[in-house]
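# Observations on the three-dimensional arrangement
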Amino acid sequence: VWLMLGDNAYDAGTDAEYTAGLFDPYAVQLRKTVLWTTRGNHDVLYSGAGNDYYDHFTRPAAGQAGGVVSGTEAYYSFDHGNVHCVCLDSEGTSRAVSGAMLNWLRLDLAANHQPWTIAFWHHPPYTKGSHDSDNDLDSGARMGEMRRNALPILDSLGVDLVLTGHSHSYERSMLLRGHYGTSGTLAPAMIVDGGDGSPPG
């Protein structure tokens with residue numbers, strides 16, 4: 001399975017950029033690997049048919065690949081083997097606690113019976129790379145809103161891994177639970193496992 005975490009074709013997600021940056025160079029890989037995408041801030045939407053993010057990909061809005069029907073291609077879920085994957089839209093959909101996306105997320109995760117669950121979207125809940133998730137002025141508060149509003153749902157309903165993009169560096173957090181504030185509010189009790197992910201660590 002191939003997950004794309006947004007900003008899928010620079011700089012503005014035009015048809016020409018997708019062709020040059022994704023469809024042509026990865027043509028062989030795309031023929032043999034299922035591709036699942038989420039929208040980033042560089043995946044600009046354009047008027048007219050056949051020229052933007054929502055025209056380039058077809059996503060299972062009706063629950064065709066597993067999961068609860070979302071009714072939109074902006075956010076959706078699917079099963080791959082024994083893994084349930086949930087795609088959220090941190091770019092263009094309301095991130096409000098009582099909004100349609102997070103209400104759907106609760107329903108989808110409550111209905112999930114797979115042993116592993118991965119959630120993915122574009123704006124990271126924790127980052128100090130080329131963006132700062134502590135600063136709500138950065139990226140229109142999308143990072144902070146996903147941390148404050150989506151992460152409590154993911155924690156309470158058993159999501160194992162979150163993957164995001166946006167910040168232009170590789171970062172990995174410790175395994176955390178219950179940390180929804182800025183980096184200065186992290187307490188030792190919120191660290192489930194402080195290892196670095198490698199067997200010796």
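Structural data are supplied above this passage.
Residues numbered from 1 in each chain as written. Predicted model: local features only at pLDDT ≥ 70, side-chain atom pairs only at ≥ 80, totals over all residues. Heavy atoms only, no water.

## Focus on helix α5 (residues 142–156)
Along an α-helix, a turn takes 3.6 residues, which lines up residues three or four apart on a common side. The criterion, for reference: Only DSSP runs of H or I with at least four residues qualify as helices, and only runs of E with at least two residues qualify as strands; both kinds are numbered from the N terminus onward. A helix is expected to span 1.5 Å for every residue after the first. We define the bend at each residue as the angle formed by axes fitted to the 7 residues ending at it and the 7 residues starting at it. Note on classification: 1.4 Å probe, protein chains only; a residue is buried when its accessible area is under 20% of the maximum for its type, exposed when over 50%, partly exposed between these limits. Any two residues having at least one pair of non-hydrogen atoms within 4.5 Å are treated as being in contact.
Taking 1.5 Å as the rise per residue, α5 with 15 residues should run 21 Å; its terminal C-alpha atoms sit 21 Å apart, in good agreement. Largest kink in α5: about 40 degrees, centred on A150, with the proline P152 one to four residues after it. Taken together, the buried positions of α5 are occupied by M143, G144, M146, R147, N149, A150, L151, I153 and L154. Of the surrounding elements, those touching the buried residues of α5 are α4 (100–111), β5 (116–120) and β6 (161–163). Looking one or two residues beyond α5, the residue adopting positive phi is G158, at roughly 80 degrees.

## Describing the packing of aromatic side chains
Aromatic ring pairs are defined here through the distance separating the ring centres and the angle between the ring planes. Put simply, the test is: By convention, a stacked pair of Phe, Tyr or Trp rings (six-membered ring in the case of Trp) has centres within 6.5 Å and planes under 30 degrees apart, an edge-to-face pair has planes over 60 apart, and any other such pair is tilted. Remark: a charge is flagged as sitting over a ring if the NZ atom of Lys or the CZ atom of Arg is within 6 Å of the ring centre and within 35 degrees of the ring normal.
Inspection of every chain in the model, using the stated rule, returns ten aromatic pairs. With 5.9 Å between their ring centres and 25 degrees between their planes, Y18 and F23 make a pair best called stacked. Centroid distance F23 to F57: 6.0 Å. Interplanar angle 50 degrees. Geometry classified as tilted. Remark: F57 occurs in the loop between α3 (53–56) and β3 (76–80) and F23 occurs in helix α1 (residues 15–23); sequence separation between them is 34 residues. We classify F23 as partly exposed; its relative accessible area is 24%. Assessed through its relative accessible area of 9%, F57 is described here as buried. When the ring centre of Y53 is taken as reference, the NZ or CZ atom of R59 above it lies at 4.4 Å.

## Remarks on the pairing of strand β4 (residues 83–87)
What counts here: Two strands qualify as a pair provided that DSSP identifies no fewer than 2 bridges between them. Orienting the strands away from the viewer, one traces the path from the first strand over the helix to the second; a clockwise path indicates a right-handed crossover.
With five of five residues buried, β4 is to be regarded as a mostly interior element. In β4, alternate side chains face the same way, and those of V83, C85 and C87 on one face and H84 and V86 on the other are all buried. Two elements, β3 and β4, share five bridges in a ladder whose sense is antiparallel. By the bridge assignment, F78 is partnered in β4 with C85. Linkage of β3 to β4, two consecutive antiparallel strands, is achieved through a turn of two residues, within which G81 is found at a positive phi near 60 degrees. Where β4 meets β5, five bridges bridge the pair, whose relative direction is parallel. From the neighbouring strand, C85 faces β5, where its bridge partner is I118. Between the parallel elements β4 and β5, the chain passes through α4 in a crossover that is right-handed.

## Concerning the layout of surface pockets
One water molecule sets the probe size; rolling that probe over the atoms shows where empty space is left. Stated precisely, the cut-off is as follows: Here a cavity denotes a set of grid points, spaced 1 Å apart and computed over the protein atoms alone, in which a 1.4 Å probe fits but from which it cannot get out, and a pocket denotes an open set meeting protein on both sides within 12 Å along at least five of seven lines; residues with an atom within 4 Å of a point are reported as lining. Grid points are joined across faces, edges and corners, and a volume is the space filled by probe spheres set on the points. Throughout, the ten residues Ala, Val, Leu, Ile, Met, Phe, Trp, Tyr, Cys and Pro are labelled nonpolar, Asp, Glu, Lys and Arg are labelled charged, and all others, Gly among them, are labelled polar.
One number sums up the size of the largest pocket: a volume of about 1,200 Å³. Lining the largest pocket we find 41 residues, and of these Y126, V162, R172, S173 and M174 sit closest to its centre. In terms of residue count, the dominant contributor to the lining of the largest pocket is α5 (four residues). A per-class count over the lining of the largest pocket returns 16 nonpolar, 15 polar and ten charged.

## Digging into the pattern of salt bridges
Think of it this way: side chains of opposite charge can pair up when their charged atoms draw near. Just so we agree on the cut-off: The salt bridge criterion pairs a side-chain nitrogen of Lys or Arg with a carboxyl oxygen of Asp or Glu, the two atoms within 4 Å.
Within this structure, the stated rule accounts for six salt bridges. Between R95 and E145 there is a salt bridge whose closest N-O contact spans 2.7 Å. A residue pair is termed long-range when its members are at least 10 positions apart, and R95 in the loop between β4 and α4 and E145 in helix α5 qualify at 50 residues. Assessed through its relative accessible area of 12%, R95 is described here as buried. Across the salt bridge formed by K128 and D134, the nearest N and O atoms sit 3.0 Å from each other. By relative accessible area, which is 25% here, D134 ends up partly exposed.

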